[in-house]
Amino acid sequence: MRIDLHSHSRASDGTDTPAELVRAAVAAGLDVLAITDHDTSEGWDEAAREARSAGLTLLRGMEISTLHNGHGVHLLGYLPDPTYPPLVDGLRRILDGRNSRVPAILSRLNSLGIDIAADDVRRVAGDAAATGRPHVADALISLGVVRDRKQAFSAYLNPGRPAYVNRYAAPLAEMVQVLDEAGGVSVIAHPWGRHDRSAMTARDIADLADLGLAGLEVDHQDHDGDARAALAGIADDLGLVRTGSSDYHGTGKTDHDLGCNRTAPEQFERLLELAEQAAARSGRDTPRLLTP
Ligand code: AMP
Ligand code: ZN
Ligand code: FE
Ligand code: FE
């Protein structure tokens with residue numbers, strides 16, 4: 001069983017449509033794929049339709065932008081009821097923050113002398129529910145300003161670069177609880193991927209486990225061997241599920257091919273059991289694992 005629990009479609013900043021993402025997963029030899037767009041469930045229905053006809057097992061999830069001790073933390077949520085009002089409200093606030101940030105980034109770029117307008121971003125973003133810096137990057141590529149997303153981030157869009165603009169993110173602990181109340185389970189995405197380890201200590205993880213955190217994404221391209229071994233140890237100590245995933249973004253991110261990291265079947269089974277328990281506790285109408 002080849003299981004990949006983190007991937008993006010054009011509903012956020014991936015470059016494949018949800019149907020293309022599902023077909024790419026089949027072509028990559030995966031048996032199970034989670035679609036986890038940033039801050040939206042918008043891609044779920046199209047992915048589910050394609051998964052049914054392609055014979056792929058689909059886990060419906062999302063990657064939520066949260067804030068913890070001043071650091072941005074990505075929280076993967078699997079199988080929550082997407083209509084649970086506190087979840088809908090939280091995602092709405094994040095998406096509003098995303099949308100209002102784009103014009104602010106563009107005016108920074110304009111003041112750097114780059115002629116870029118909202119329409120340039122709209123054209124590359126299509127009908128993405130969650131717009132982000134990668135779409136601004138794609139617009140800069142389309143205008144010939146940079147050659148790829150990586151260059152756009154390092155020249156303009158990363159923190160500390162001249163067109164960086166912050167945005168709203170939901171409190172992490174609160175979002176762990178909201179996902180649980182929505183009948184889903186939560187896993188911290190790439191806990192040590194973008195910051196040093198002090199942004200998410202073993203103590204922080206233990207506190208989140210007490211609030212119902214289900215797991216840690218241990219195997220991710222942003223973690224070296226030492227980080228993976230240390231995170232696996234923390235997960236085992238706390239009884240948390242260990243996942244491994246690609247964080248595939250289509251052509252938007254190199255070295256994140258589907259299946260490049262995978263989740264062990266027994267870890268996946270534990271995650272599903274926890275999701276079943278949360279769903280039962282919540283009494284909500286949660287999406288089920290979609291199996292062929
Ligand atoms: P945002 O959601 O607008 O805050 O942008 C963050 C997204 O940009 C993340 O999903 C990353 O996958 C993506 N990203 C960050 N740095 C890079 C990079 N150097 N190249 C490509 N994508 C990136
Ligand atoms: Zn992304
Ligand atoms: Fe992430
Ligand atoms: Fe991601």
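Residues numbered from 1 in each chain as written. Chains lettered and ligands numbered in written order. Predicted model: local features only at pLDDT ≥ 70, side-chain atom pairs only at ≥ 80, totals over all residues. Heavy atoms only, no water.

A. Spatial organisation of the coordination of the zinc ion (ligand 2). At the metal site, the zinc ion (ligand 2) is ligated by D13 (OD), D13 (OD), H38 (NE2) and H249 (NE2), and these contacts range over 2.1 to 2.7 Å. Between the two metal centres, the zinc ion (ligand 2) and the iron ion (ligand 3), the spacing is 5.8 Å. With D13 in the loop between β1 (3-4) and α1 (18-27) and H38 in strand β2 (residues 32-38), the pair connects residues that are 25 residues apart, well separated along the chain. H38 shares its class with D13; the two are buried. (Donors = N, O, S within 2.8 Å, 3.2 Å for Na, K, Ca; no water. Helix = DSSP H or I, 4+ residues; strand = E, 2+ residues; numbered from the N terminus. Buried < 20%, exposed > 50% of the residue type's maximum accessible area, 1.4 Å probe, protein only.)

B. Examining unusual backbone geometry more closely. For N69, which is not glycine, the phi dihedral falls at a positive 50 degrees. On the secondary structure map, N69 appears in the loop between β3 (57-68) and β4 (71-78). In this structure N69 comes out as exposed when scored by relative accessible area, which is 59%.

C. Expanded view of the coordination of the iron ion (ligand 3). Every protein donor of the iron ion (ligand 3) is accounted for by E63 (OE), H74 (ND1) and H190 (NE2), and the metal-donor separations fall at 2.1 to 2.2 Å. Read in sequence order, the donor residues coordinating the iron ion (ligand 3) give the pattern E-x10-H-x115-H.

D. Geometry of the environment of L30. Of note, L30 is situated in the loop between α1 and β2. A C-alpha to C-alpha distance of 7.8 Å links L30 and L56, two positions 26 residues apart in sequence. Leaving out residues up to four positions away in the same chain, L30 has contacts with R2, I3, D4, A25, L56, L258, G259 and R262. (Contact = heavy atoms within 4.5 Å.)

E. Fine view of the nonpolar core. Membership of the largest hydrophobic core comes to 44 residues, with the highest contact counts inside it found for L87, L213 and L216. Filtering out sequence-adjacent residues up to four positions away, L87 remains in contact with M62, I64, P80, D81, P82, M175, V178, L179 and A182. Of all hydrophobic cores here, the second largest spans 18 residues; its members include V102, V146, F153 and L157. (Core = buried A, V, L, I, M, F, W, Y, C linked by side-chain atoms within 4.5 Å.)

F. Expanded view of the site of ligand 1. As a matter of local geometry, ligand 1 sits amid 14 residues, with H38, R98, R101, R133 and K253 nearest to it. A distance of 2.5 Å separates an oxygen atom of ligand 1 from a polar side-chain atom of R101. Between K253 and ligand 1, the recorded distance is 2.9 Å, taken from a side-chain N or O atom to an oxygen atom. Taken by itself ligand 1 offers 490 Å² of open surface, and the protein chains cover 84% of this. Of all the secondary-structure elements, those providing two or more residues to the shell around ligand 1 are α3 (85-111), α5 (133-142) and α6 (149-157). Here the shell around ligand 1 gets three residues from one element, more than from any other, and that element is α6. (Near = heavy atom within 4 Å. Polar contact = N/O pair within 3.5 Å; in protein donor to acceptor, adjacent residues only side chain to side chain. Areas by Shrake-Rupley, 256 points an atom, 1.4 Å probe, with all protein chains shown as cover.)

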